[in-house]
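One letter stands for each residue in the lines below.
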Amino acid sequence: MSYLVGDRIKLVKFTNEHITKEYLEWLNDHDTTRYLCTGRLPVTEKDIDVPSGNDNLRFAIMAAAPTKRTIRKTSTEKNNYVGTISFHKIDWIARHAEIGYIIGDKNFRGQGIATEAIRLVTEYGFGRLNMNKIEAGVVVDNMGSSAVLEKNGFREYARIPY
């Protein structure tokens, strides 16, 4: 079941089915996780949890085939599992949350997938969940993540020593 649908992606509820061999490879790939605060490598299936409380909401990002030339066949169906995006640390009283995201499949990076996913969850957060504030932490050197956040109207308001 699709929760949020965009032009090139759809976001579906993250379930145990999304804890795949590829997902674990993403989480154990240094280039993919170098800017994330995910803990120590290696990550195993036992280390992954499917959010079940009221303070986390995670989506699997499903995308149409990438526009760059790859060995995959071209398709307009949004059925390629390429990453995740989530609300975490949701505070329902203060009505704010943080978002985090990862485009794990390297064939889909630089395609605007993260930009569209952030737009969808931001609209959902403000429009449907009635949030007042949505934050995202970014390591200073992660220029790509900073750029996609700025494209979605996020503004830097603090720098915390790393």
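Residues numbered from 1 in each chain as written. Predicted model: local features only at pLDDT ≥ 70, side-chain atom pairs only at ≥ 80, totals over all residues. Heavy atoms only, no water.

Caption draft 1: Expanded view of the pattern of salt bridges. Under the criterion given, the structure shown has 8 salt bridges. Among the ionic pairs, aspartate 29 bridges to lysine 106, the shortest N-O distance being 3.1 Å. With aspartate 29 in the loop between α1 (21-27) and α2 (30-33) and lysine 106 in the loop between β5 (96-103) and α3 (113-127), this pair connects stretches of sequence that are 77 residues apart. Across the salt bridge formed by glutamate 135 and lysine 133, the nearest N and O atoms sit 3.6 Å from each other. Here glutamate 135 falls in the buried class, since its relative accessible area comes to 15%. By sharing partners, the salt bridges in this structure join Arg8, Glu116, Arg119 and Glu123 into a single network. (Salt bridge = Lys/Arg side-chain N within 4 Å of Asp/Glu carboxyl O. Helix = DSSP H or I, 4+ residues; strand = E, 2+ residues; numbered from the N terminus. Buried < 20%, exposed > 50% of the residue type's maximum accessible area, 1.4 Å probe, protein only.)

Caption draft 2: Spatial organisation of helix α4 (residues 143-151). Here α4 has its buried residues at Ser145, Val148 and Leu149. Seen from one end, α4 has its buried residues packed into an arc of 100 degrees, which puts them on one side. Across α4 from its buried face, at more than 90 degrees, point the exposed residues Met143, Glu150 and Lys151. After α4 finishes, the residue glycine 153 shows a positive phi value of roughly 90 degrees. (Arc of directions from axis to C-beta.)

Caption draft 3: Structural context of unusual backbone geometry. Phi is positive for arginine 95, which is not a glycine, with a value near 60 degrees. Mapped onto the elements of the fold, arginine 95 is located in the loop between β4 (80-91) and β5. Of note in the backbone geometry, asparagine 130 takes a positive phi value of approximately 60 degrees without being a glycine.

Caption draft 4: Inspection of the packing of aromatic side chains at higher detail. Counted by the stated rule, this structure contains 6 aromatic pairs. Members of the aromatic cluster, joined through ring pairs, are Phe14, Tyr23, Trp26 and Tyr81. Stacked on the ring of phenylalanine 14, the Lys or Arg arginine 58 has its end atom at 4.8 Å from the ring centre. Across the ring face of tyrosine 157, the terminal group of lysine 133 is positioned such that the distance to the ring centre comes to 5.1 Å. (Phe/Tyr/Trp six-rings, centres within 6.5 Å; stacked < 30°, edge-to-face > 60°. Lys NZ or Arg CZ within 6 Å of the ring centre and 35° of its normal.)

Caption draft 5: Structural view of the side chain of histidine 18. Structurally, histidine 18 can be placed in the loop between β2 (9-13) and α1. In this structure histidine 18 comes out as buried when scored by relative accessible area, which is 12%. The residues touching histidine 18, leaving out its near neighbours within four places in the chain, are Val12, Lys13, Tyr23, Ala60 and Tyr81. (Contact = heavy atoms within 4.5 Å.)

Caption draft 6: Fine view of the pairing of β4. The buried count for β4 comes to 9 of 12 residues, which makes it a mostly enclosed element. Bridge count between strand β3 (residues 56-63) and β4: 8 bridges; the pairing is antiparallel. Bridging across to β4, alanine 60 finds its partner in threonine 84. As defined by bridge partners, β4 adjoins β5 across 7 bridges and the pair is classed as antiparallel. (Pairing = 2+ DSSP bridges.)

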